[in-house]
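Notes for the structure review
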Amino acid sequence: MTPPSSSSREVWSAVLGRLQLEVARHNFDTWLKDTVGLESRGEGFVVGVPSAFVAECLEKRMGPLVDQALKRQTGRDWKIRYEVVGQGPVAAPATALSVSAPSGRGRRPGREFKEPGAALNPRYTFDTFVVGKANRFAHAAAIAVAERPGSEYNPLFIHAGVGLGKTHLLHAIGHSVAEQGQRFLYASAEHFTNDFVTALRENRVEAFRDKYRQTDVLLIDDIQFIAGKEHSRESFFHTFNDLHTSGKQIVITSDSRPKSIPLLEERLSSRFEGGLTADINPPDLETRMAILGAKADQAGVHLKDDVVEMLARKFLRNVRELEGGLNKLLAMSQMGHRSIDLALAQQAVVDIQSDPVRVRTYHPTDIIGIVASYYGLTPEGLAASTRKQNVAHARQVAAYLLRQQTARSLADIGRLLGDRGHSTVLRAHAKIAALIDVNSDLRRQIGEICDALDRRAARSAS
Ligand code: ADP
Ligand code: MG
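Described below are features of the structure shown in this document. (Residues numbered from 1 in each chain as written. Chains lettered and ligands numbered in written order. Predicted model: local features only at pLDDT ≥ 70, side-chain atom pairs only at ≥ 80, totals over all residues. Heavy atoms only, no water.)

1. A few points about the environment of Ile226
Topologically, Ile226 is positioned in the loop between strand E6 (217–221) and helix H8 (230–245). Each C-alpha atom, one on Ile226 and one on Ile261, is 9.6 Å from the other, the two residues being 35 residues apart in sequence. Discounting chain neighbours no more than four positions away, the residues touching Ile226 are Ala189, Phe192, Thr193, Ser232, Arg233 and Phe236. (Helix = DSSP H or I, 4+ residues; strand = E, 2+ residues; numbered from the N terminus. Contact = heavy atoms within 4.5 Å.)

2. Some remarks on the sheet that holds strand E5 (residues 184–188)
Pairing between sheet strands relies on hydrogen bonds along the backbone, with the strands arranged either parallel or antiparallel. Spatially, E5-E6-E7-E4-E8 is the arrangement adopted by the five strands of the open sheet, whose pairing is parallel. Only two strands of the sheet have a single neighbouring strand rather than two, namely E5 and strand E8 (276–279). Each neighbouring strand pair of the sheet contributes to a mean axis angle of 15°, computed without reference to strand direction. Lying on the sheet, helix H4 (residues 136–147) is in contact with strand E4 (156–159), strand E7 (249–254) and E8; it crosses E8 at an angle near 140°. The sheet contacts of helix H5 (residues 166–179) involve E4, E5, E6 and E7, and relative to E6 the element is tilted by about 165°. (Pairing = 2+ DSSP bridges. Axes fitted to C-alpha atoms, helices over the stretch in contact; angles between N-to-C directions.)

3. Some words on helix H12 (residues 319–336)
Given a rise of 1.5 Å per residue, 18 residues ought to cover 26 Å, and the 26 Å separating the end C-alpha atoms of H12 matches this to within 8%. Burial within H12 is extensive, with 13 of its 18 residues counted as buried. Residue His337 follows H12 closely and has a positive phi angle near 50°. (Expected span 1.5 Å × (residues − 1). Buried < 20%, exposed > 50% of the residue type's maximum accessible area, 1.4 Å probe, protein only.)

4. Side note on the pattern of salt bridges
This model, assessed by the stated rule, comprises 15 salt bridges. Residue Asp242 is joined to Arg213 by a salt bridge in which the shortest nitrogen-to-oxygen separation is 2.3 Å. Highlighted residues: Asp242 in helix H8 and Arg213 in helix H7 (residues 205–213), separated in sequence by 29 residues. For the salt bridge of Arg408 with Asp255, the shortest nitrogen-to-oxygen distance reads 3.4 Å. With Arg408 in the loop between helix H16 (389–405) and helix H17 (410–416) and Asp255 in the loop between E7 and helix H9 (262–273), this pair connects stretches of sequence that are 153 residues apart. (Salt bridge = Lys/Arg side-chain N within 4 Å of Asp/Glu carboxyl O.)

5. Here we look at the pairing of E7
Most of E7 sits out of view: six of its six residues are buried. Side chains Gln249, Val251 and Thr253 of E7 all project onto a buried face; the interleaved residues Ile250, Ile252 and Ser254 project onto the opposite face, where all are buried too. Of the strand pairs in this sheet, E4 and E7 are connected by four bridges, and their pairing is parallel. Within E7, the residue paired with His159 across the bridge is Ser254.

6. Details of the side chain of His244
Tracing the backbone shows His244 in helix H8. Using a relative accessible area of 17% as the deciding quantity, one classes His244 as buried. Setting aside anything within four residues of it in sequence, one finds His244 in contact with Asn154, Pro155, Ile250 and Arg271.

7. Digging into the sheet that holds strand E3 (residues 79–84)
Ordered by their spatial adjacency, three strands build an open sheet running E1-E2-E3, and the pairing between neighbours is mixed. Among the strands making up the open sheet, the edge pair consists of strand E1 (36–41) and E3. With direction set aside, neighbouring strand axes in the sheet form an average angle of 25°. When strand E2 (residues 44–49) meets E3, the two strands line up parallel, connected through six bridges. Note on E3: the bridge partner recorded for Gly44 is Lys79.

Structure, rendered in structure tokens:
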């Protein structure tokens, strides 16, 4: 079927709904979130993107994945063309390059450091954060810190599994301090590390120091990324100590408690004593229902109670999964021009669960262990340097799943797979991503591996 050009926007929204379920969230947010369907004519489908950089990355890194998603959505092949239309709402295909700057996430050899506020997601505020038993303490601590930065809980250390609202709370603190006219700096630990490495290379360590020290509130996301990187860790300690000594607020998030990041704990332990550690657990049913209701409201949709409860019962591990379920349902309703009822919601759940690659949050060690044993190898065997076809295949599958299902950086994944470079991981991921839609045997393999991962996750949750 050929969608009339007026519906290109809807078709693309639905494609984004699919991709959101398949692509790691940071990738989705960086490359896909701000794209829009512009028109379809003949073989061609035109997608508006905010910058030439995004267009290039989508073509190079995600080409096959995006092609397949559009094909599955419409039932036919398209030639996708990306057109730069700048950021913000897009009314019509633009011909000229927009003057608005690219989002700044690109790895350009930057002179200037990223505008601090630029990284905050406008939707991640305290207003949109639903409070329940599992996150009440962390939420209260975040509010206290946002209201009186630097005075009570310093540092605040929030830890939780993937998709439970750490980044949301960190951004909410950023919004709130900015409203009070205070300076803040938000950076993922990975960004901090990259910044530091660039500064070293370009002899700009002083500028780097100044940047991170001239702030009232330092928000560092996913500190676990820093754990294995000695120089960056060192630099972080110094920054941390300087800020802390001068009474500036520091908030850190992590996927695990400070004690399980030994080197961090050791160096900072005396500092942590004056601070507060808060964790977030997976939300209970009632909170999951409240979150679904709130997200549906934000999307301008009313969901009946039976639909909310059914979805909340199905997606229980984290909020990200829950959102994935809701997005799928909204996309199905929009595409099929169907109103949302229990039957459609059940279909959405079945659709997601029969997808060979689902939104899940697995531990990297589990992924490596299960992929290895699925292909008759040990984890060490999987990482060994050999060109044997079966080992290489297993390793590519592992790279694919690690990238798809965890928030690890390419460099980390490369290390886990036997000290391989990040481009090797990228290539492996692209290869499997391209094959998965055309090769039913591979689809079955990955489905079976995901099932085994599910069973493992269910066992450790019970
Ligand atoms: P984390 O950083 O812990 O991996 P995020 O903060 O990215 O998780 O949260 C994942 C998604 O779930 C985000 O879209 C976020 O807005 C949403 N979310 C998480 N917790 C809540 C909550 N309590 N209320 C509303 N939305 C939430
Ligand atoms: Mg996060």
